[in-house]
Amino acid sequence: MKRLLPRAVPLLVLAALAAPAAPASAELVIIVNPQNPATRMFPSQAAQFFLGGSVLFTPVEQAEGSAIRAEFCQKVLEKSPAQVEAIWSKIVFTAKGKAPKEYKTSAEVKKAVSANVNAIGYIEKAALDDSVKAVSTVP
């Protein structure tokens, strides 16, 4: 037994280091173009744009598989990313709309939103600057 314990310790340490870390939860902000007249929005109102329920705004999406997208889906849309994908697949298949364009980073999302007065997106609160306007904060 004494011989196994010293061998097991490095393996346990290695296993702990190899385990995926839980994504850090950060405050998110829902953003629009600064020229957009919207000033405040409930997350539930924003959800309708990201689920195809309204075409008043053009949703701009974070990259598939990203931690921020998973967090947004959970906190704002109250769905899993797979459920959201299924909703958009149906919308596209029935020719009732186009899925949101995806961007790899929050900087790219900000750039896309700042270039389109009708766009709506979400980023980490820490990435917020005056190129976009926050209409909602999601803790």
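In short, a report on the structure. (Residues numbered from 1 in each chain as written. Predicted model: local features only at pLDDT ≥ 70, side-chain atom pairs only at ≥ 80, totals over all residues. Heavy atoms only, no water.)

Describing the sheet that holds strand S2 (residues 58–62)
Phase 1 of the analysis: Sheet architecture is open: five strands sit in the order S3-S2-S4-S1-S5, paired in mixed fashion. Two strands lie at the open edges of the sheet, namely strand S3 (101–103) and strand S5 (133–138), each paired on one side alone. Ignoring strand direction, the axes of neighbouring strands in this sheet form an average angle of 30°.
Phase 2 of the analysis: By the bridge criterion, three bridges tie S2 to S3 in an arrangement that is parallel. Residue Gln62 lies in a different strand from S3, and its bridge partner there is Tyr103.
Phase 3 of the analysis: The strands that helix H3 (residues 67–77) touches are strand S1 (28–32), S2, S3, strand S4 (119–124) and S5; relative to S4, the one it contacts most, it runs at about 110°.
Phase 4 of the analysis: Across the sheet, helix H5 (residues 106–114) touches S1, S2, S3 and S4, and the angle it forms with S4 is around 155°. (Pairing = 2+ DSSP bridges. Helix = DSSP H or I, 4+ residues; strand = E, 2+ residues; numbered from the N terminus. Axes fitted to C-alpha atoms, helices over the stretch in contact; angles between N-to-C directions. Contact = heavy atoms within 4.5 Å.)

Observations concerning helix H2 (residues 43–50)
Phase 1 of the analysis: When H2 is considered as a whole, its buried residues turn out to be Ala46, Ala47, Phe49 and Phe50. Around the axis of H2, the buried residues are gathered within 155° of arc, so they sit on the same side.
Phase 2 of the analysis: On its buried face, H2 sits against S1, S2, H3, helix H4 (81–93) and S4. (Buried < 20%, exposed > 50% of the residue type's maximum accessible area, 1.4 Å probe, protein only. Arc of directions from axis to C-beta.)

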